[in-house]
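Chain residues, written in single-letter form:
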Amino acid sequence: MKILTINIFIEVACLFIAFLMLKSDEKVFWKMFIPYLLLTCFTEIYGRYLGAFLRQPNGWLYNIYLIVEIAFIHFILLKSIQPFFRKAKLFVGISLVMISIIYFFESEYLQTVGFYNTTFKLFSFNTIVLCLLFYYGFVKQDNYVSLKLYPPFWLVAGILFFYFGGTVMNFIYQVLTIEITPNKTIRTYTNHVLILLLYSFWSYSFICRHQTRKLQPSLP
Amino acid sequence: MQTSNQEIATIVALSTLVFLLAPAFLLLYVSSYNRRKKNHIIEKQTLQTEYEADLLRTQLEVQEQTMKTIAADLHDNIGQLLSLTSLTLGSITVTDDKAAKKLEDSQQLVRRSIKELRQLANLLHGEKIIETGLVDAIIHETDWLKKSDNYRVAFINNVEVYPGPSKEKDLVLFRLLQEVINNIIKHSSATEITITLDRLEGDILLSITDNGVGFVVEEVKGGMGLSNLFKRTKTIQGEIEIVSAIDKGTTISIKVPYP
């Protein structure tokens, strides 16, 4: 049994690209992708080690990671939406409050064993809404922006695909647990596709950001 | 059971594909809308440029018409008055030698005024100036300048066989020359002006050089005077280059496809 799954491989590849493209970026926002992806890779590797090798529950690890994921994704969406909406902080704030309440409810009140699915479902739904808000703001603006030099477009695209796909998968969860190859369920394969989409778009956005900085050194 | 699982897997795969089509189409729509925005902006800029060019052409036409009217008025009205004055002076009989000399001098001054007025009217009347070609028009202008005795003016014509003619371009080139000379008189404190006309493949190159105080081109480029020169040159698909430095004089070169 391998510790490095396809998902981990994709995440490590994205981390490598992030390091190459963003290590000398002046903006803290972009530099933060490197430690975030590093944490993601560590969580995945350790989670796999706990679950597949030591046969121990690893839900607690992903629940802790979920806090970081929620915060970081909301941070990305806030920075992306802010140029279009003055009330961006309010929208993102409301989403975070809603998710925090459910997270607290699941952990303290329900004392859920395993992964906090309800929190994740709400988080996915809110993320989709914020992504659609971004695209609405983008289309609404008067000025033209070249997509090749606009990294937020690709960041949000990756997030939209991943969480939209993830939300749909949650609705048909029972079907997804069916094994189609030894030790691999349908869910495994759909997860590969969604992870690939997310990190491919993110990698492209990092390359985009790097190109933009090279062409326009004075860009904020 | 295996087949059933495979069928389910196929259904799920297809369903995933269908569901992922939704965000994919959203991104395609946003991308397409963004491209249309770009085309709209380019089209708007093109229309704006065309409008400005049309406006400038109309302004120039109005200017020419106004100068034509002034030239006609000068020639017809004031010219007539001076002619009558000359006739009236000519009809006076004086016996006194001193008075006769003064009368003769007055008649000469009036005749000179009529001649100068005719030349001025000709310079103002655009179509008349370039009737015999750009080269003759430039010679006229340099003759007019030399009269003031403030400038040493040289015109070097390197165009052996003058192509065309293109009356519209000739007139615009001549007006540009007049504007440049005007600027030299107003700002440069120059004493020498050299005008050169060259032929370069399909283009005509008109250069005006002076030995004046010069200026920093970038500082003055945004001003109305130079801006007018650039805009006028553009109306005949020409290019203008200004080379100048403080205390080193100025050279303005206008290259125009001709005819």
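Note: the structure precedes this text.
Engineer: Honestly, the overall build of chain B in this entry has me stumped. Any pointers?
Structural biologist: Along the backbone of chain B there are seven helices and five strands. Each helix (α) and strand (β) of chain B, taken in turn from the N terminus, gives the series α-α-α-α-β-α-β-β-α-α-β-β. Taking the intrachain contacts of chain B between residues at least 6 apart in sequence as the baseline, contacts between residues at least 24 apart amount to 69%. Just so you have it, chain B exposes about 16,100 Å², and 56% of that area is on carbon and sulfur atoms.

Engineer: Please clarify how the overall build of chain A should be interpreted in this entry.
Structural biologist: A tally of helices and strands in chain A yields nine helices and two strands. Along chain A, helices and strands appear, N-terminal first, in the series α-α-α-α-α-α-α-α-β-β-α. Out of the 220 residues belonging to chain A, those deemed buried represent 47%. Once local pairs closer than 6 in sequence are excluded, the contacts in chain A between residues at least 24 apart make up 70%. Total accessible area on chain A is roughly 11,600 Å²; 68% of this is exposed by carbon and sulfur atoms.

Engineer: Please explain the packing of aromatic side chains as it appears in this structure.
Structural biologist: Here the distance between the centres and the angle between the planes together describe a pair of aromatic rings. Within this structure, the stated rule accounts for 34 aromatic pairs over all chains. Ring centres of Phe33(A) and Phe72(A) lie 5.1 Å apart, and the angle between their planes is 80°; on these two criteria the pair is classed as edge-to-face. With Phe33(A) in helix 3 (residues 33–53) and Phe72(A) in helix 4 (residues 59–81), the pair connects residues that are 39 residues apart, well separated along the chain. The same class applies to Phe33(A) and to Phe72(A), which are both buried. Ring centres 6.2 Å apart and planes at 25° place the aromatic pair Tyr49(A) and Phe53(A) in the stacked group. Of this pair, Tyr49(A) and Phe53(A) both sit in helix 3, four residues apart, roughly one helical turn. The partly exposed category is assigned to Tyr49(A), whose relative accessible area is 34%. Taking relative accessible area as the criterion, Phe53(A) reaches 38% and is therefore assigned partly exposed. Three or more aromatic residues joined by ring pairs make a cluster, and in this case those are Phe29(A), Trp30(A), Phe33(A), Tyr36(A), Tyr65(A), Phe72(A), Phe75(A), Tyr199(A), Trp202(A) and Phe206(A). For Lys37(B), the ring lying beneath its charged end belongs to Phe138(A), and the centroid distance is 5.6 Å.

Engineer: Quick question: what am I supposed to make of the packing of helix 1 (residues 6–22) of chain A against helix 3 of chain A here?
Structural biologist: When two helices pack together, their arrangement is given by the angle between the helix axes and the distance between those axes. Residue and element names in this part refer to chain A. Where helix 1 meets helix 3, the axes come as close as 9 Å, and the angle between the chain directions of the two elements is 160°. Comparing the axis directions of helix 1 and helix 3 gives the class roughly antiparallel. As helix 1 packs across helix 3, the resulting crossing turns out to be left-handed. Taking contact as the criterion, the partners of Ile8, Glu11, Val12, Cys14, Leu15, Ala18, Phe19 and Leu22 in helix 1 are, on helix 3, Phe33, Ile34, Leu37, Leu38, Thr40, Cys41, Glu44, Ile45 and Arg48. In terms of residue class, the contact of helix 1 with helix 3 is made up of 13 nonpolar, one polar and three charged.

Engineer: Hey, could you run me through the nonpolar core in this one?
Structural biologist: Grouped burial of nonpolar side chains is what soluble globular proteins tend to show. Judged by nonpolar contacts, the single largest core of 65 residues is most densely connected at Phe33(A), Trp202(A) and Phe206(A). At 12 residues, the largest contribution of residues to this core is made by helix 7 (residues 151–171) of chain A. Other than its neighbours up to four places away in sequence, Phe33(A) contacts Leu22(A), Phe72(A), Ile76(A), Leu155(A), Trp202(A) and Phe206(A). Ranked by size, the runner-up nonpolar core spans 37 residues in total, among them Val153(B), Val159(B), Val172(B) and Ile240(B).

Engineer: Looking at this structure, I do not really get the pairing of strand 3 (residues 203–210) of chain B. What am I missing?
Structural biologist: The two faces of the sheet receive side chains in turn, since in a regular strand these alternate between them. Residue and element names in this part refer to chain B. Of all eight residues in strand 3, seven are buried, a share of seventy percent or more. Where strand 2 (residues 192–200) lies against strand 3, eight bridges are found, and the strand directions are antiparallel. Following the sheet pairing, Leu197 is matched in strand 3 by Leu206. Pairing analysis gives eight bridges linking strand 3 to strand 5 (residues 250–257), with the strands arranged antiparallel. When the bridges of strand 5 are listed, Ile204 appears paired with Val256.

Engineer: Can you walk me through the interface of chain B and chain A in this structure?
Structural biologist: Frequently, the measure chosen for interface size is the accessible area that the parts lose on association. Listed per partner, the contact involves 20 residues of chain B and 29 residues of chain A. Both sides of the chain B and chain A interface together cover about 2,100 Å² of buried area, and 82% of this is carbon and sulfur. On the chain B side of the contact with chain A, Leu20(B), Leu27(B) and Asn34(B) bury the most area, a combined 26% of that side's loss. Inspection of the chain B/chain A interface yields zero salt bridges. Across the contact surface, chain B and chain A share four residue pairs in polar contact (both at pLDDT 80 or more). Grouping the constituent residues of the side of chain B that touches chain A by class yields 13 nonpolar, five polar and two charged.

Engineer: Teacher, can you tell me more about the sheet that holds strand 4 (residues 239–244) of chain B here?
Structural biologist: Note on sheets: strands pair through backbone hydrogen bonds, and any given pair is parallel or antiparallel. Residue and element names in this part refer to chain B. Spatial ordering of the open sheet is given by 1-2-3-5-4, a layout of five strands whose pairing is mixed. The strands lining the two open edges of the sheet, one partner per strand, are strand 1 (152–157) and strand 4. Direction aside, neighbouring strands of the sheet carry axes that sit 10° apart on average. Set on the sheet, helix 4 (residues 134–147) makes contact with strand 1, strand 2 and strand 3; between it and strand 1 the angle comes to about 170°. The strands touched by helix 5 (residues 167–188) within the sheet are strand 2, strand 3 and strand 5, with strand 3 carrying the most contacts at an inclination of about 10°.

So, how was this worked out
Residues numbered from 1 in each chain as written. Chains lettered and ligands numbered in written order. Predicted model: local features only at pLDDT ≥ 70, side-chain atom pairs only at ≥ 80, totals over all residues. Heavy atoms only, no water. Helix = DSSP H or I, 4+ residues; strand = E, 2+ residues; numbered from the N terminus. Contact = heavy atoms within 4.5 Å. Areas by Shrake-Rupley, 256 points an atom, 1.4 Å probe, with all protein chains shown as cover. Buried < 20%, exposed > 50% of the residue type's maximum accessible area, 1.4 Å probe, protein only. Phe/Tyr/Trp six-rings, centres within 6.5 Å; stacked < 30°, edge-to-face > 60°. Lys NZ or Arg CZ within 6 Å of the ring centre and 35° of its normal. Axes fitted to C-alpha atoms, helices over the stretch in contact; angles between N-to-C directions. Parallel < 35°, antiparallel > 145°, perpendicular 65-115°, else oblique. Left-handed = near helix turned anticlockwise from the far one by under 90°. Nonpolar A, V, L, I, M, F, W, Y, C, P; charged D, E, K, R; others polar. Core = buried A, V, L, I, M, F, W, Y, C linked by side-chain atoms within 4.5 Å. Pairing = 2+ DSSP bridges. Buried area = accessible area lost by both parts, 1.4 Å probe. Salt bridge = Lys/Arg side-chain N within 4 Å of Asp/Glu carboxyl O. Polar contact = N/O pair within 3.5 Å; in protein donor to acceptor, adjacent residues only side chain to side chain.

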